[in-house]
Amino acid sequence: MAIFRPMPVNSALDIPLYQQVYARLRASILSGGLKGGMKLPSTRTLANELNVSRNTILNAYQQLMAEGYLDSVAGSGTFVARILPDHLLTPPGQKDPTDKQPTEPRQPLFSDNAKLQLATPQLSRVMPSPAGASPRPFRFGVPALQAFPYKLWSRLVVRRARSMPLSAFTYQDLAGYGRLREAIAAHVTVARGVQCTPDQIIILPGAQGGLDLAARMLINSGDPVWMEDPGYLQARGAFLGAGAEIISVPVDKDGLVVNEGIARASQARLAYVTPSHQFPLGVTMSLPRRLALLDWAKRANAYILEDDYDSEYRFARRPLPALQGLD
């Protein structure tokens, strides 16, 4: 019984007592203090020894048995398991001296495409935005969160949740919630001049998810892709991950210089543009440039991936219609 005396539990800790008992017994097993086949005290005896309830010890024993550290034999008691996985027999922080370690740390075996994406400078590193930090000049992607109607929003969410049918808790349409896609299609038709139906709307977790999906679906390895220069670095990462050859095309006061793109790669597979509010320069692509880009895409049988970034953030006049509506 003395083996348990160095393992007192502390009711002042936030950790539940049964988890404290579990952790100490597990550590003793892994360190060899409790040998395989050793019989443990009964739950009542150990509870008295540690001055805790019997249920506390029972819960700890049951967890250890579920994980394979203990065996229970009817009529005989609880024993330390005789067979444990070899890799579990080295306590944390100690190394097996017979284990030959490589001279250099092993690197994760990512795919070549993943390595290309990881090598792309991320905007979060260029312009860090730690959680809870005060707004800074020229920080993008952060709206006026203090102006969001949280109380109204929470009431609407609760009201909707209460009326949800049981079918809402099963697998849903892969393209997203149907009524939401209908609402989006109606909105962009009126507000952005987009020509689409709800069946053409796909709900994704964010812009990066959309870029990655589009890149994987539209680009073959080695395909040339026009990329605004300067442009959105994380879009570049998505294209590199799909195996694209990035063709940097300059941007001036009228947006993407289409003639320069044609000169550099007339048969590009895709052109990525932010025509309504170019990222990061903020210029708007002029109508002649938009028409020239559409004309090139038609002749080259190429895709245009239009990122409608910050299109509705305008200080004067209505937002310009999306490029898609001109096609």
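This is a predicted model, so every value here is computed, not measured. (Residues numbered from 1 in each chain as written. Predicted model: local features only at pLDDT ≥ 70, side-chain atom pairs only at ≥ 80, totals over all residues. Heavy atoms only, no water.)

Considerations on the overall build of the protein
And step 1. Within the protein one finds 11 helices and 7 strands.
And step 2. Here the protein holds 327 residues, and 30% of them are scored as buried.
And step 3. Considering only contacts within the protein whose residues lie at least 6 apart along the sequence, 58% involve residues at least 24 apart. (Helix = DSSP H or I, 4+ residues; strand = E, 2+ residues; numbered from the N terminus. Buried < 20%, exposed > 50% of the residue type's maximum accessible area, 1.4 Å probe, protein only. Contact = heavy atoms within 4.5 Å.)

What to know about the pattern of salt bridges
A pair can form between side chains of opposite charge whenever their charged atoms are brought close.
And step 1. Counting across every chain of the model gives 8 salt bridges.
And step 2. The salt bridge partner of Asp 295 is Arg 299, with a shortest N-O separation of 2.9 Å. One end of the pair, Asp 295, and the other, Arg 299, are both in helix H11 (residues 287-300), 4 residues apart, so they sit about a helical turn from each other. (Salt bridge = Lys/Arg side-chain N within 4 Å of Asp/Glu carboxyl O.)

With respect to the sheet that holds strand E5 (residues 255-256)
And step 1. If you trace the 5 strands from one edge of the open sheet to the other, you get E5-E4-E3-E6-E7, paired in mixed fashion. Edge positions in the sheet fall to E5 and strand E7 (303-306), since each has one partner strand and no second.
And step 2. Here strand E3 (residues 224-229) pairs with strand E4 (residues 245-252) via 6 bridges, running parallel. In the strand pairing of E4, Met 227 is matched with Ser 248. (Pairing = 2+ DSSP bridges.)

Overview of a nonpolar patch on the surface
And step 1. Together, Val 142, Leu 145, Phe 148, Tyr 150, Trp 153 and Val 157 give the surface a local cluster of nonpolar side chains, amounting to about 600 Å² of exposed area.
And step 2. Among the secondary structure elements, Phe 148 is positioned in the loop between helix H5 (123-126) and helix H6 (150-162). (Patch = residues over 30% accessible without salt bridge, like charges linked within 9 Å, V, L, I, M, F, W, Y side chains within 5 Å. Areas by Shrake-Rupley, 256 points an atom, 1.4 Å probe, with all protein chains shown as cover.)

Overview of the packing of helix H8 (residues 207-218) against helix H9 (residues 233-241)
For any two helices packed against each other, the geometry is given by the interaxial angle and the distance between the axes.
And step 1. At a minimum axis separation of 8 Å, H8 and H9 run at an interaxial angle of 30°. Comparing the axis directions of H8 and H9 gives the class roughly parallel. Crossing of H8 against H9: the hand is right-handed. Residues Gln 208, Leu 211, Asp 212 and Ala 215 of H8 lie in contact with H9, whose contacting residues are Gln 234, Ala 235, Ala 238 and Phe 239.
And step 2. Of the residues belonging to the contact of H8 with H9, the class tally is 5 nonpolar, 2 polar and 1 charged. (Axes fitted to C-alpha atoms, helices over the stretch in contact; angles between N-to-C directions. Parallel < 35°, antiparallel > 145°, perpendicular 65-115°, else oblique. Left-handed = near helix turned anticlockwise from the far one by under 90°. Nonpolar A, V, L, I, M, F, W, Y, C, P; charged D, E, K, R; others polar.)

Quick word on helix H1 (residues 17-31)
And step 1. Taking 1.5 Å of rise per residue, the 15 residues of H1 would be expected to cover 21 Å, and the 21 Å separating its terminal C-alpha atoms lies within 8% of that figure.
And step 2. Listed as buried for H1 are Gln 20, Val 21, Tyr 22, Leu 25, Ser 28, Ile 29 and Leu 30.
And step 3. After H1 finishes, the residue Gly 32 shows a positive phi value of roughly 95°. (Expected span 1.5 Å × (residues − 1).)

Considering the pairing of E7
And step 1. Of the pairings in the sheet, the one linking strand E6 (residues 270-273) to E7 comprises 4 bridges and is parallel in character. Pairing of Leu 270 across the sheet is with Tyr 303, part of E7.
And step 2. Once you follow E6 into H11 and on to E7, the crossover reads as right-handed. (Right-handed = clockwise from strand over helix to strand, strands pointing away.)

A short note on unusual backbone geometry
And step 1. Residues Asp 229 and Pro 230 are joined by a peptide bond in cis, for which omega reads 5°.
And step 2. When you line up the elements, Pro 230 lands in the loop between E3 and H9.
And step 3. For the bond running from Phe 279 to Pro 280, omega is 10°, close enough to zero to count as cis.
And step 4. With respect to the helices and strands, Pro 280 occurs in the loop between E6 and H11.
And step 5. With a phi angle near 55°, Asn 301 is a residue other than glycine that sits in the positive phi range.
And step 6. Inspection of the secondary structure assignment puts Asn 301 in the loop between H11 and E7.

Description of the confidence of the model for the protein
And step 1. Mean pLDDT over the protein: 83, with 82% of residues reaching 70 or higher.
And step 2. Residue range residues 1-6 is modelled with pLDDT below 50. Its contacts to residues more than four positions away, or to other chains, number 11 contacts. (pLDDT = per-residue confidence, 0-100.)

Some details on the packing of aromatic side chains
And step 1. Per the counting criterion, the structure on display carries 6 aromatic pairs.
And step 2. Aromatic pair Phe 148 and Trp 153: ring centres 5.7 Å apart, planes at 65°, arrangement edge-to-face.
And step 3. We classify Trp 153 as exposed; its relative accessible area is 52%.
And step 4. When the centroid spacing of 5.6 Å and the interplanar angle of 65° are considered together, the rings of Phe 239 and Tyr 272 count as edge-to-face. (Phe/Tyr/Trp six-rings, centres within 6.5 Å; stacked < 30°, edge-to-face > 60°.)

Digging into helix H3 (residues 54-66)
And step 1. Here H3 contains 13 residues, and its C-alpha end-to-end distance of 18 Å stays within 8% of the 18 Å for a straight helix at 1.5 Å per residue.
And step 2. Along H3, the residues classified as buried are Thr 56, Ile 57, Ala 60, Tyr 61 and Leu 64. Each buried residue of H3 sits inside an arc of 130° when the element is viewed along its axis, so together they form one side. Away from its buried face, by an angle of more than 90 degrees, H3 presents the exposed residues Asn 55 and Ala 66.
And step 3. Of the surrounding elements, those touching the buried residues of H3 are H1, helix H2 (43-50), strand E1 (70-73) and strand E2 (77-80).
And step 4. Looking at the residues trailing H3, positive phi occurs at Gly 68, about 90°. (Arc of directions from axis to C-beta.)

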